[in-house]
Amino acid sequence: AQKVTQAQTEISVVEKEDVTLDCVYETRDTTYYLFWYKQPPSGELVFLIRRNSFDEQNEISGRYSWNFQKSTSSFNFTITASQVVDSAVYFCALGQAGTALIFGKGTTLSVSS
Amino acid sequence: EAGVAQSPRYKIIEKRQSVAFWCNPISGHATLYWYQQILGQGPKLLIQFQNNGVVDDSQLPKDRFSAERLKGVDSTLKIQPAKLEDSAVYLCASSPLAAYNEQFFGPGTRLTVL
């Protein structure tokens with residue numbers, strides 16, 4: 001069975017702090033994709049990143065970075081120097097080519113000024 | 001490029017009533033998904049279409065939910081009759097067929113069943 005676990009339900013930080021959102025997944029497939037989505041209060045899911053199972057390179061995009069480790073089945077997301085606009089619910093998801101995504105329960109990030 | 005459109009954005013109904021949601025995917029996207037997101041949880045697939053055909057409806061409560069995608073473009077999701085536990089956000093997403101790209105999500109329809 002496939003599963004995505006986001007153990008952190010809520011995280012609160014103060015602006016400019018760094019924060020890491022954890023994601024652990026389970027799958028028996030050798031080829032799969034991992035995703036992070038952001039859901040602001042408006043409700044729309046915003047795509048942040050996709051990573052395939054053969055690419056374990058870490059990725060950095062501005063203040064965002066992702067650490068993919070197959071050995072621990074983890075795909076963690078770090079926001080550096082957090083800002084109030086980063087406040088949202090963040091979802092980690094797992095999928096195969098052409099299939100629906102399996103989402104974790106999400107982590108609510110609150111950044112205060 | 002226009003995104004995924006959904007309507008209505010909000011709907012309040014009494015239990016046992018029926019309701020329908022509409023989705024217009026991104027032009028050219030062959031695959032369309034309907035997800036249900038209950039408060040405090042991640043989205044869960046209800047049904048997946050590829051062009052006109054159903055790929056996966058294993059988690060669709062078929063005794064009360066139905067969906068169709070006419071001409072491989074727009075899609076409607078219907079609930080009849082609605083139950084209290086159907087209160088959720090219904091998200092439509094689309095993705096291209098040729099390669100596995102990220103799914104693009106619409107703004108969702110927030111359904112409240114009283």
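None of the values given here were measured: they were computed from a predicted structure.

Enquirer: Could you give an account of the side chain of Lys38(A), naming the residues involved and the relevant values?
Expert: Residues and elements named next belong to chain A. Summarising the element assignment, Lys38 is placed in strand 5 (residues 33-39). Lacking a salt bridge, the buried Lys38 has Asp86 as its closest oppositely charged neighbour, with an N-O distance of 4.6 Å. Filtering out sequence-adjacent residues up to four positions away, Lys38 remains in contact with Glu44, Leu45, Val46, Leu48, Tyr64, Val85, Asp86, Ala88, Val89 and Tyr90.

Enquirer: Explain the side chain of Ser75(B) residue by residue, including any values.
Expert: All names here are of chain B. By the secondary structure assignment, Ser75 is in strand 8 (residues 75-79). You can call Ser75 buried: its relative accessible area is 1%. Engagement of the side chain of Ser75 in a polar contact is seen with the side chain of Trp34, the distance being 2.9 Å. A polar contact of 2.9 Å, which involves the side chain of Ser75, links it to the backbone oxygen of Glu68.

Enquirer: Residues and numbers for the interface of chain B and chain A, please.
Expert: Taken together, the 18 residues of chain B in the interface contact 21 residues of chain A. Each partner contributes to the roughly 1,500 Å² buried at the junction of chain B and chain A, and carbon and sulfur atoms together form 55% of this total. Summed over the shared surface of chain B and chain A, the number is zero salt bridges. Between the two partners, chain B and chain A, sit six residue pairs in polar contact (both at pLDDT 80 or more).

Enquirer: Describe unusual backbone geometry, naming the residues involved and giving the relevant values.
Expert: Across the junction of Ser7(B) and Pro8(B), the peptide omega takes the value -10°, indicating a cis bond. Tracing the backbone through its elements, the reader meets Pro8(B) in the loop between strand 1 (5-7) and strand 2 (10-13). Note that the residue after Gln80(B), namely Pro81(B), is joined by a cis bond; omega there is -5°. Relative to the elements of secondary structure, Pro81(B) occurs in the loop between strand 8 and strand 9 (88-95). Within the chain, Lys16(A) stands out as a residue other than glycine whose phi angle is a positive 80°. Note that Lys16(A) resides in the loop between strand 2 (10-14) and strand 3 (19-21). Located in the positive-phi region is Ala81(A), a residue other than glycine, with phi close to 50°. With respect to the helices and strands, the residue Ala81(A) is situated in the loop between strand 9 (74-79) and strand 10 (88-95).

Analysis parameters
- Residues numbered from 1 in each chain as written.
- Chains lettered and ligands numbered in written order.
- Predicted model: local features only at pLDDT ≥ 70, side-chain atom pairs only at ≥ 80, totals over all residues.
- Heavy atoms only, no water.
- Helix = DSSP H or I, 4+ residues; strand = E, 2+ residues; numbered from the N terminus.
- Buried < 20%, exposed > 50% of the residue type's maximum accessible area, 1.4 Å probe, protein only.
- Lys, Arg positive; Asp, Glu negative; His and termini not counted.
- Salt bridge = Lys/Arg side-chain N within 4 Å of Asp/Glu carboxyl O.
- Contact = heavy atoms within 4.5 Å.
- Polar contact = N/O pair within 3.5 Å; in protein donor to acceptor, adjacent residues only side chain to side chain.
- Buried area = accessible area lost by both parts, 1.4 Å probe.

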